[in-house]
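# Chains, contacts and geometry: an overview
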Amino acid sequence: MQRLNIMINVACALEYLHHECLSYVIHFDLKPSNVLLDENMVAHLSDFGISKLLGDDESDLYTKTFATFGYIAQEYGQDGFVSTKCDVYSYEIMLMETFTRRKPNDEMFDGDLRLKQWVSYSLPVAIVDVVDANLVTPQDNHLNKKLDCVASIMKVALDCCVDSPARRIDMKDVIGMLHKIKIQLLAC
């Protein structure tokens, strides 16, 4: 529950940057080390050093700024295209990392296997093989319900990282889906 709450906090911060600011802000370097937790375990975004501002009439831009490998959206790596959907992609990587405890550059991901594919291959029946072992215990009376919730979280993550930026969900949708999952998890 604590991990889910942290990721909801991050999603809310991104939703604010992408939809509520006078100038839209793309964080552009979203990764775990740029999320700070306060004494109440509330997450706050930090390190806006390479962030991008978009004017009212802009929805994307091109740049050659360096972001962190493993969290970069495909479209930026290929041609320098930047939009709020780049943050959505980075968020997806963080969401998967939070619940699998595997970094996108983990040594197990070599060749064509990436964190995204590894999680995708596990859904829905083998989610127990990818979820962080600290989150599930075989003696848990509600193990299957909790695994269903984690599988739902991973489905949200996969919706954030489709190859086409236009087909990625936005942070408002992410927040709605994660809140529904939180309600299911509270019922366990």
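Residues numbered from 1 in each chain as written. Predicted model: local features only at pLDDT ≥ 70, side-chain atom pairs only at ≥ 80, totals over all residues. Heavy atoms only, no water.

Within an unreviewed UniProt entry, the label attached to the chain reads non-specific serine/threonine protein kinase, and the organism entered is Nicotiana sylvestris. Under the UniProt heading Subcellular location (unreviewed entry), the entry covering the chain gives this text: "Cell membrane". (UniProt positions renumbered as here; feature names shortened; annotations may be inferred.)

Once that is clear, we can look at the environment of Val 136. Here Val 136 is to be found in the loop between α4 (115-122) and α5 (143-160). Residues Val 136 and Leu 147, eleven residues apart in the sequence, show an inter-C-alpha distance of 7.9 Å. (Helix = DSSP H or I, 4+ residues; strand = E, 2+ residues; numbered from the N terminus.)

Membership of the largest hydrophobic core comes to 56 residues, with the highest contact counts inside it found for Val 10, Tyr 91, Met 154, Val 174 and Leu 178. Counting residues per element, this core draws most heavily on α5, at eleven residues. Setting aside its immediate chain neighbours within four residues, Leu 178 contacts Leu 4, Ile 8, Tyr 91, Ile 153 and Val 156. (Core = buried A, V, L, I, M, F, W, Y, C linked by side-chain atoms within 4.5 Å. Buried < 20%, exposed > 50% of the residue type's maximum accessible area, 1.4 Å probe, protein only. Contact = heavy atoms within 4.5 Å.)

Going through the model one piece at a time under the given rule, you end up with one aromatic pair. A centroid spacing of 5.6 Å and a plane angle of 65° characterise the contact between Phe 109 and Trp 118, whose relative ring orientation is edge-to-face. An identical accessibility class is assigned to Phe 109 and Trp 118; each is buried. (Phe/Tyr/Trp six-rings, centres within 6.5 Å; stacked < 30°, edge-to-face > 60°.)

Moving on: helix α1 (residues 2-20). Counted at 1.5 Å a residue, the expected span for α1 with its 19 residues is 27 Å, and the 26 Å between its end C-alpha atoms agrees. Of the positions making up α1, those classed as buried are Leu 4, Ile 6, Met 7, Ile 8, Val 10, Ala 11, Leu 14, Glu 15, Leu 17 and His 18. Looking at the buried side of α1, the elements it contacts are β1 (24-26), β2 (35-37), β3 (43-45), α3 (84-100), α5 and α6 (171-186). (Expected span 1.5 Å × (residues − 1).)

A separate point is the packing of α1 against α3. Direction vectors running N to C along α1 and α3 enclose 175°, while the axes themselves pass 11 Å from each other. Judged on the interaxial angle alone, α3 and α1 are roughly antiparallel. Packed against α1, whose contacting residues are Arg 3, Leu 4, Met 7, Ile 8, Val 10, Ala 11, Leu 14 and His 18, the element α3 presents Thr 84, Asp 87, Tyr 91, Met 94, Leu 95, Thr 98 and Phe 99 at the interface. Of the residues assigned to the contact of α1 with α3, the class counts are ten nonpolar, three polar and two charged. (Axes fitted to C-alpha atoms, helices over the stretch in contact; angles between N-to-C directions. Parallel < 35°, antiparallel > 145°, perpendicular 65-115°, else oblique. Nonpolar A, V, L, I, M, F, W, Y, C, P; charged D, E, K, R; others polar.)

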